[in-house]
Amino acid sequence: MQRRGMTTMSTGKAIADHLKYWTRGTPVGQFVSMAVPSNGAYGIAKGVFYSFPVQINKHGDIKVVTDLKVDEFSREMIDNSYIELQTEAKEALSIAEAL
């Protein structure tokens, strides 16, 4: 399979998984990663859409899992990802303002 086809399949699988968990919930005691608006968890500013560990009940209510241990490596990855998101947001806004 060509690279493009693999990327398309991967994207499709991710969408299907998100919809499955959103409509059926996550198994009890398990969590999945999903981009949701931040509630301030893990040092991400409130309202910023970020990929968090979440649990979802059978009604589709999403709760960010906040009791996970964050080691030094994970903290660095979270911080770098957040900085990258902020940079991309600033770039997008500057392009939009120039229109």
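Okay, so let's go over this structure. (Residues numbered from 1 in each chain as written. Predicted model: local features only at pLDDT ≥ 70, side-chain atom pairs only at ≥ 80, totals over all residues. Heavy atoms only, no water.)

**Some thoughts on the sheet that holds strand β2 (residues 49-56)**
Part 1 of the argument: The strand order across the open sheet formed by 3 strands is β1-β2-β3, and the pairing between neighbours is antiparallel. At either end of the open sheet lies a strand with only one pairing partner, and these are β1 (32-37) and β3 (62-64). Each neighbouring strand pair of the sheet contributes to a mean axis angle of 60°, computed without reference to strand direction.
Part 2 of the argument: One ladder, built from 6 bridges, connects β1 with β2; its direction is antiparallel. In the strand pairing of β2, Ala 35 is matched with Ser 51. (Pairing = 2+ DSSP bridges. Helix = DSSP H or I, 4+ residues; strand = E, 2+ residues; numbered from the N terminus. Axes fitted to C-alpha atoms, helices over the stretch in contact; angles between N-to-C directions.)

**Comments concerning the nonpolar core**
Part 1 of the argument: By size, the foremost hydrophobic cluster in this structure holds 13 residues, and its most contacted members are Val 36, Ile 44, Tyr 50, Phe 52, Val 54 and Val 64.
Part 2 of the argument: Looking at this core, the elements with two or more residues in it are β1, β2 and α2 (72-98).
Part 3 of the argument: When residues in this core are grouped by element, the largest group, 4 residues, is from β2.
Part 4 of the argument: Beyond its immediate stretch of four places on either side in the chain, Tyr 50 contacts Met 34, Ala 35, Val 36, Ile 44, Ile 78, Ser 81, Tyr 82 and Leu 85. (Core = buried A, V, L, I, M, F, W, Y, C linked by side-chain atoms within 4.5 Å. Buried < 20%, exposed > 50% of the residue type's maximum accessible area, 1.4 Å probe, protein only. Contact = heavy atoms within 4.5 Å.)

**Digging into the environment of Phe 73**
Part 1 of the argument: Mapped onto the elements of the fold, Phe 73 is located in helix α2.
Part 2 of the argument: For Phe 73, a relative accessible area of 55% corresponds to the exposed category.
Part 3 of the argument: Residues Phe 73 and Val 36 lie 37 residues apart in sequence; the distance between their C-alpha atoms is 22 Å.

**Section: unusual backbone geometry**
Part 1 of the argument: The backbone of Tyr 42 shows a phi angle near 55°, a positive value even though the residue is not glycine.
Part 2 of the argument: Counting through the fold element by element, Tyr 42 comes out in the loop between β1 and β2.

**Quick word on the pairing of β2**
Part 1 of the argument: Sheet analysis places β2 next to β3, joined by 3 bridges and oriented antiparallel. Among the inter-strand pairings, Gln 55 is bridged to a residue of β3, identified as Lys 63.
Part 2 of the argument: Hairpin connection between β2 and β3: a loop of 5 residues separates the two successive antiparallel strands, and Gly 60 in this loop has a positive phi of roughly 90°.

**A look at the pattern of salt bridges**
Part 1 of the argument: This model, assessed by the stated rule, comprises 2 salt bridges.
Part 2 of the argument: The partner of Asp 17 in a salt bridge is Lys 13, and the shortest N-O contact between them spans 2.9 Å. Remark: Lys 13 and Asp 17 occur in helix α1 (residues 3-24); sequence separation between them is 4 residues, near one turn of the helix.
Part 3 of the argument: Here Arg 75 makes a salt bridge to Asp 79, at a shortest N to O gap of 3.1 Å. (Salt bridge = Lys/Arg side-chain N within 4 Å of Asp/Glu carboxyl O.)

Function-wise, these values are silent; they only describe arrangement.
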